[in-house]
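Structural characterization, general
Residues per chain are reported as follows:
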Amino acid sequence: MKDINILLESMAGESYLDITTLINTVKNIALKDLGLNNETTPFIIDHNLDLPCYGRTNHGLGGLISYVAINDKQDIMNMIKTIFHESRHIYQIRRYRDYMDNYVIKNLAGLGPKTYMQYYWQPIEIGARVYAWFAMKKHKKQIRQIIKQYVNNELQEQLY
């Protein structure tokens, strides 16, 4: 059994396999919830992200999504919320391709947000935060079960 303090501490000390399994378990719930059942975007653990960056969706023009990076230096509840948040970005990229392409073009031209607050209050970020909040409430029982299984080393391995 894992130390119950995992609920409050950074996930950085956990095994790669355990974190990957947690990420993919939650990702599959989020993508199904968003109607993205056939989505194949990989979610990876990124040790190079520094807080307050909890996650990142790496995408380019034309709906290309290379990967979603999840910061392991956060507690389990923030990690789950981050997975829902980043999954919503995949939905936004798939659903609003023209808007997202314009977003990428602006950033490449140096016209994107210059400060953290400008970034934080962008419509796509607000939408992802709101979705994550509602998804956490909607799937509360399932999330509790996942955390319980994680703590007891009973979560079914999922590498993708």
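Check the entry above for the structure.
In what follows, the accompanying structure is described. (Residues numbered from 1 in each chain as written. Predicted model: local features only at pLDDT ≥ 70, side-chain atom pairs only at ≥ 80, totals over all residues. Heavy atoms only, no water.)

**What to know about the packing of helix H2 (residues 76–95) against helix H6 (residues 140–151)**
Inclusion rule: Interaxial angle, 0 to 180 degrees, is taken between N-to-C directions of lines fitted to C-alpha atoms, where a helix line uses only the stretch in contact. Note on conventions: DSSP H or I runs of at least 4 residues are helices, E runs of at least 2 residues are strands, and numbering of each starts at the N terminus. Angles below 35 degrees are treated as roughly parallel, those above 145 as roughly antiparallel, those between 65 and 115 as roughly perpendicular, and all remaining angles as oblique. Helix crossings are classified by the rotation of the near helix relative to the far one: an anticlockwise turn of less than a right angle makes the crossing left-handed, while a clockwise turn makes it right-handed. Throughout, a residue-residue contact means that at least one pair of heavy atoms, one from each residue, lies within 4.5 Å. Each residue receives one of three labels: charged for Asp, Glu, Lys and Arg, nonpolar for Ala, Val, Leu, Ile, Met, Phe, Trp, Tyr, Cys and Pro, and polar for the others, Gly being one of them.
At their nearest, the axes of H2 and H6 sit 12 Å apart, and the two run at 130° to each other. On the basis of their axis angle, the class for H2 and H6 is oblique. Crossing of H2 over H6 shows right-handed handedness. On H6, the residues touching Ile76, Met77, Ile80 and Phe84 of H2 are Ile143, Ile147 and Tyr150. In terms of residue class, the contact of H2 with H6 is built from 7 nonpolar, no polar and no charged.

**Thoughts on the layout of surface pockets**
We apply this condition: Two kinds of site are reported from a 1 Å grid over the protein atoms alone, namely cavities, where a 1.4 Å probe fits but cannot get out, and pockets, open sets with protein on both sides within 12 Å along at least five of seven lines, and residues are called lining when an atom falls within 4 Å of a point. Grid points are joined across faces, edges and corners, and a volume is the space filled by probe spheres set on the points.
Empty space within the largest pocket amounts to approximately 410 Å³. Of all the secondary-structure elements, those providing two or more residues to the lining of the largest pocket are H2, helix H4 (116–120) and helix H5 (123–138). Sorting elements by how many residues they give to the lining of the largest pocket places H2 first, with 5 residues. Taken together, the residues of the lining of the largest pocket sort by class into 8 nonpolar, 4 polar and 4 charged. Around the second largest pocket sit 15 residues that line it, and Arg56, Thr57, His59, Tyr103 and Tyr119 are the ones nearest its centre.

**Considerations on the nonpolar core**
So the rule is basically this: The nonpolar core is taken to be a set of buried Ala, Val, Leu, Ile, Met, Phe, Trp, Tyr and Cys residues, with the residues joined through side-chain atoms within 4.5 Å. Between buried and exposed lies partly exposed: a residue is buried under 20% and exposed over 50% of the maximum accessible area for its type, with that area taken using a 1.4 Å probe on protein chains only.
Ranked by internal contacts, the top residues of the largest apolar core, which has 37 residues, are Leu22, Ile23, Met79, Ile80 and Phe84. Of all the secondary-structure elements, those providing two or more residues to this core are helix H1 (16–33), strand E1 (43–45), strand E3 (65–70), H2, helix H3 (97–108), H5 and H6. With 8 residues, H2 is the single largest residue contributor to this core. Beyond its immediate chain neighbours, meaning those up to four positions away, Met79 contacts Met11, Ile19, Leu22, Ile23, Ile70, Asn71, Asp72 and Gln74.

**Focus on the environment of Asp101**
Secondary-structure assignment places Asp101 in helix H3. With 23 residues separating them along the chain, Asp101 and Asn78 place their C-alpha atoms 28 Å apart. Dropping the residues within four chain positions of it, Asp101 is found in contact with Gly60, Leu61, Gly62 and Gly63.

**Quick notes on the pattern of salt bridges**
To keep things clear, this is the line we draw: Throughout this description, the term salt bridge denotes a Lys or Arg side-chain nitrogen within 4 Å of a carboxyl oxygen of Asp or Glu.
Taken as a whole and assessed by the stated rule, the structure comprises 2 salt bridges. Lys138 is the salt-bridge partner of Asp33, the closest N and O atoms lying 2.5 Å from each other. Residue Asp33 is found in helix H1, and its partner Lys138 is found in helix H5; the two are separated by 105 residues along the sequence. Classification of Asp33 by relative accessible area gives partly exposed; the value is 25%. Residue Lys138 is classed as exposed on the basis of its relative accessible area of 58%. Glu39 is paired through a salt bridge with Arg94; the nearest N and O atoms lie 3.0 Å apart. In this pair, Glu39 sits in the loop between H1 and E1 while Arg94 sits in helix H2, placing the two residues 55 residues apart along the sequence. For Glu39, a relative accessible area of 16% translates into the label buried. Of the residues examined, Arg94 reaches a relative accessible area of 29% and is grouped as partly exposed.

**A short note on H6**
We apply this condition: Expected span of a helix, by definition, is 1.5 Å for each gap between consecutive residues, and there is one gap fewer than residues. Arc definition: directions from the helix axis to the C-beta atoms.
Across its 12 residues, H6 extends 16 Å between first and last C-alpha, which sits within 8% of the 16 Å expected from 1.5 Å per residue. Taken residue by residue, H6 has Ile143, Ile146, Ile147, Tyr150 and Val151 as its buried positions. For H6, the arc enclosing every buried residue in end-on projection is 130°, short of the 170-degree limit, so these residues lie on one face. Seen from the buried face of H6, the exposed residues on the opposite side, beyond 90 degrees, are Lys141 and Arg144. Tucked into the core, H6 has its buried residues touching H1, H2 and H5. Two residues or fewer after H6 comes Asn153, characterised by a positive phi angle close to 55°.

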